[in-house]
Amino acid sequence: MADDSGTHAAHDTRNETPFERADRNFSEILQELRVTQTGVQILFAFLLTLAFTPRFPSLDTVQRATYVTTLLLAVLAAALFTAPAAVHRALFQRRAKPLIVRVSSHLARIGMGVLMFALAGSVLLVVDVAVGRTGGIIASAGTLLVCAGLWGVLPRLLRRSASRQHVTREPPR
């Protein structure tokens, strides 16, 4: 994803105007959002159907609270992932693409965090019902760790590694 400024590091060798870069960055953000939004929609649909299953009335208070919280987190994630389209529509043809990119990047980042908790809540609920509360808590914590690792730690490590490689491989001027 583009950084919050909508630009990349100074060593970027593309010959783009700021508006061309913003257009490209917005297209990249939209591609990322298409992937995540599909997952959120599937999760949301799954959660909506749960309330209409025969077993739903037998859920205990904790399971119902987990269900409602997870459902609301999925709704919030969906709203965050669709908000860039609304921002773009509101600012369309106002030469605000760099702002749109910054705001959209921020919304997507928050959406990923919310999605992480929605996934963990879904796992907690399903494993709690299927195996028991302890298993649900362990599986949910594992889900949080995997998502945090893949979505947060790994990208930071790759960015750091890429920065070091660039510094060591930069041709003399």
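Our subject is the structure listed above.
For clarity, every value in this text was computed on a predicted model and none was experimentally measured.

What counts as what
- Residues numbered from 1 in each chain as written.
- Predicted model: local features only at pLDDT ≥ 70, side-chain atom pairs only at ≥ 80, totals over all residues.
- Heavy atoms only, no water.
- Helix = DSSP H or I, 4+ residues; strand = E, 2+ residues; numbered from the N terminus.
- Contact = heavy atoms within 4.5 Å.
- Areas by Shrake-Rupley, 256 points an atom, 1.4 Å probe, with all protein chains shown as cover.
- Salt bridge = Lys/Arg side-chain N within 4 Å of Asp/Glu carboxyl O.
- Buried < 20%, exposed > 50% of the residue type's maximum accessible area, 1.4 Å probe, protein only.
- Patch = residues over 30% accessible without salt bridge, like charges linked within 9 Å, V, L, I, M, F, W, Y side chains within 5 Å.
- Lys, Arg positive; Asp, Glu negative; His and termini not counted.
- Charge placed at Lys NZ, Arg CZ, Asp CG, Glu CD.
- Axes fitted to C-alpha atoms, helices over the stretch in contact; angles between N-to-C directions.
- Parallel < 35°, antiparallel > 145°, perpendicular 65-115°, else oblique.
- Left-handed = near helix turned anticlockwise from the far one by under 90°.
- Nonpolar A, V, L, I, M, F, W, Y, C, P; charged D, E, K, R; others polar.

A. Summary view of the overall build of the protein chain. The secondary structure content of the protein chain amounts to four helices and zero strands. Within the protein chain, contacts between residues separated by at least 24 positions form 67% of all contacts whose residues are at least 6 apart in sequence. When the accessible area of the protein chain is evaluated, it comes to approximately 10,800 Å², of which 66% is carbon and sulfur surface.

B. Spatial organisation of the pattern of salt bridges. Going through the model one piece at a time under the given rule, you end up with six salt bridges. The partner of Glu16 in a salt bridge is Arg24, with the nearest N and O atoms 2.7 Å apart. With relative accessibility at 22%, the residue Glu16 sits in the partly exposed group. Between Asp128 and Arg133 there is a salt bridge, with the nearest N and O atoms lying 2.9 Å from each other. On the basis of relative accessible area, Asp128 is assigned to the buried category, the value being 7%. With a relative accessible area of 31%, Arg133 lands in the partly exposed category. Taken together, the shared-partner salt bridges in this structure form one network comprising Glu16, Arg21, Arg24 and Glu28.

C. How the structure looks around a positive patch on the surface. A surface patch of positive charge is lined by Arg156, Arg159, Arg160 and Arg164. Position of Arg164 among the secondary structure elements: in helix H4 (residues 133-169).

D. Expanded view of unusual backbone geometry. Positioned with a positive phi, Gln93 is a non-glycine residue whose angle comes to about 60 degrees. Along the chain, the position of Gln93 falls in the loop between helix H2 (61-91) and helix H3 (97-130). With a relative accessible area of 71%, Gln93 lands in the exposed category. Phi at Arg95 takes a positive value of approximately 55 degrees, unusual for a residue other than glycine. Considering the arrangement of structural elements, one finds Arg95 in the loop between H2 and H3.

E. Looking closely at the packing of H2 against H3. Where H2 meets H3, the closest approach of the two axes is 8 Å, and the angle between their N-to-C directions is 165 degrees. Here H2 lies roughly antiparallel to H3, going by the angle between them. In this structure, H2 crosses over H3, and the sense of that crossing is left-handed. A breakdown of the residues in the contact of H2 with H3 according to their chemical character gives 25 nonpolar, eight polar and two charged.

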